[in-house]
Amino acid sequence: MEQRENEAAIGCYERVYKTVLTQEVSGEAVVPDPMPDVEQLLDTQAEIYIRSRTLGGGRVSLEGSVHCTVLYLGAERTLPQKTELDLPLNIMAEDPLLADADEFTAEVALSSAETRPVNARKLMVRAEIAASITGYKKMQMDFSTQTEDPGALELLKQQATLGYIACVSEKDFVVSEEVRLADNALAERLLLTDEVLGAATSRIEARLNVSPQR
């Protein structure tokens, strides 16, 4: 006796490419005329801004900038001074495996940032960036379901947990929070640092909620 099985399919993604790239960006920051000469460097911070992401022809490219902030003490050694610099950022990955990719994700992070003085009015700023790039290919997962009419057949059933990548997507979040400065704090904000410590996710029907902790 022959019985025909029903077939079903699930749309999903397969990871076809993954790499981690590092890139160094550097540039000279000139202290503006109204500000004092550099006597002592205090701190260097950098923030990464990605403005475009493209995938095509076996290539992934990211374009943006690195905004660097340098704190220093002037020759009079009074209040800390601040100077800023924007460095262009271009990251590219090229591989035949990316020709099969339909979507990709890119996680970009700052590895280090440092400043050294060239002279009293000029600073050399350097930042190292790490980018983790993953490419995904759309595919279809086929599997068999119960026969149309089992009839007198004796069926053996097994249960298993099926894991697959159902969606690949990136979304920007705007987070704002008011912070009260101490009474003895400087009147002018010189430097603001921000770091994502982790994120909690929850699902409500077809919606995914992401709650970052900063």
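Each remark here, short or long, concerns the structure printed above.
Criteria and thresholds
Residues numbered from 1 in each chain as written. Predicted model: local features only at pLDDT ≥ 70, side-chain atom pairs only at ≥ 80, totals over all residues. Heavy atoms only, no water. Pairing = 2+ DSSP bridges. Helix = DSSP H or I, 4+ residues; strand = E, 2+ residues; numbered from the N terminus. Axes fitted to C-alpha atoms, helices over the stretch in contact; angles between N-to-C directions. Buried < 20%, exposed > 50% of the residue type's maximum accessible area, 1.4 Å probe, protein only. Polar contact = N/O pair within 3.5 Å; in protein donor to acceptor, adjacent residues only side chain to side chain. Contact = heavy atoms within 4.5 Å. Core = buried A, V, L, I, M, F, W, Y, C linked by side-chain atoms within 4.5 Å. Salt bridge = Lys/Arg side-chain N within 4 Å of Asp/Glu carboxyl O.

The antiparallel open sheet is built from three strands, whose spatial order is S2-S3-S4. Each edge of the sheet is formed by a strand with only one pairing partner; in this case those strands are strand S2 (38-56) and strand S4 (80-94). On average, each strand axis in the sheet is tilted by 15 degrees relative to the strand beside it, whichever way the strands run.

Position of Ser61 among the secondary structure elements: in strand S3 (residues 59-74). Residue classification places Ser61 among the buried positions, given a relative accessible area of 18%. Of the polar contacts made by the side chain of Ser61, one reaches the side chain of Thr54; its length is 2.8 Å. For Ser61, the contacting residues outside a window of four places in its chain are Ser52, Arg53, Thr54, Ile91 and Met92.

Let us now look at the pairing of S2. Examined bridge by bridge, S2 and S3 share 16 bridges and lie antiparallel to one another. Across the sheet, Thr54 pairs through a bridge with Ser61, a residue of S3. In this structure, the hairpin formed by S2 and S3 is closed by a connection of two residues, where Gly57 is found at a positive phi of approximately 65 degrees.

Turning next to the nonpolar core. Among the nonpolar cores identified, the biggest contains 28 residues, and Val66 and Ile133 are the most heavily contacted of them. When residues of this core are traced back to their parent elements, those giving at least two are strand S1 (5-30), S2, S3, S4, strand S5 (103-119) and strand S6 (122-147). The residues touching Ile133, leaving out its near neighbours within four places in the chain, are Tyr17, Lys18, Thr19, Leu21, Val60, Ala93, Phe104, Thr105 and Ala106.

The next thing to look at is the environment of His67. Here His67 is to be found in strand S3. Through-space distance from the C-alpha of His67 to that of Ile48 is 6.4 Å; in sequence the pair is 19 residues apart.

So, on to the pattern of salt bridges. Here the structure, examined in full by the defined rule, presents six salt bridges. In this structure, Arg121 and Asp37 form a salt bridge, with 2.8 Å as the shortest nitrogen-oxygen distance. In this pair, Arg121 is assigned in the loop between S5 and S6 and Asp37 in the loop between S1 and S2, connecting sequence segments 84 residues apart. Here Arg59 makes a salt bridge to Glu94, at a shortest N to O gap of 3.4 Å. Here Glu94 lies in strand S4 and Arg59 lies in strand S3, a separation of 35 residues in the sequence.

Everything listed is a geometric property; what it means functionally is a separate question.
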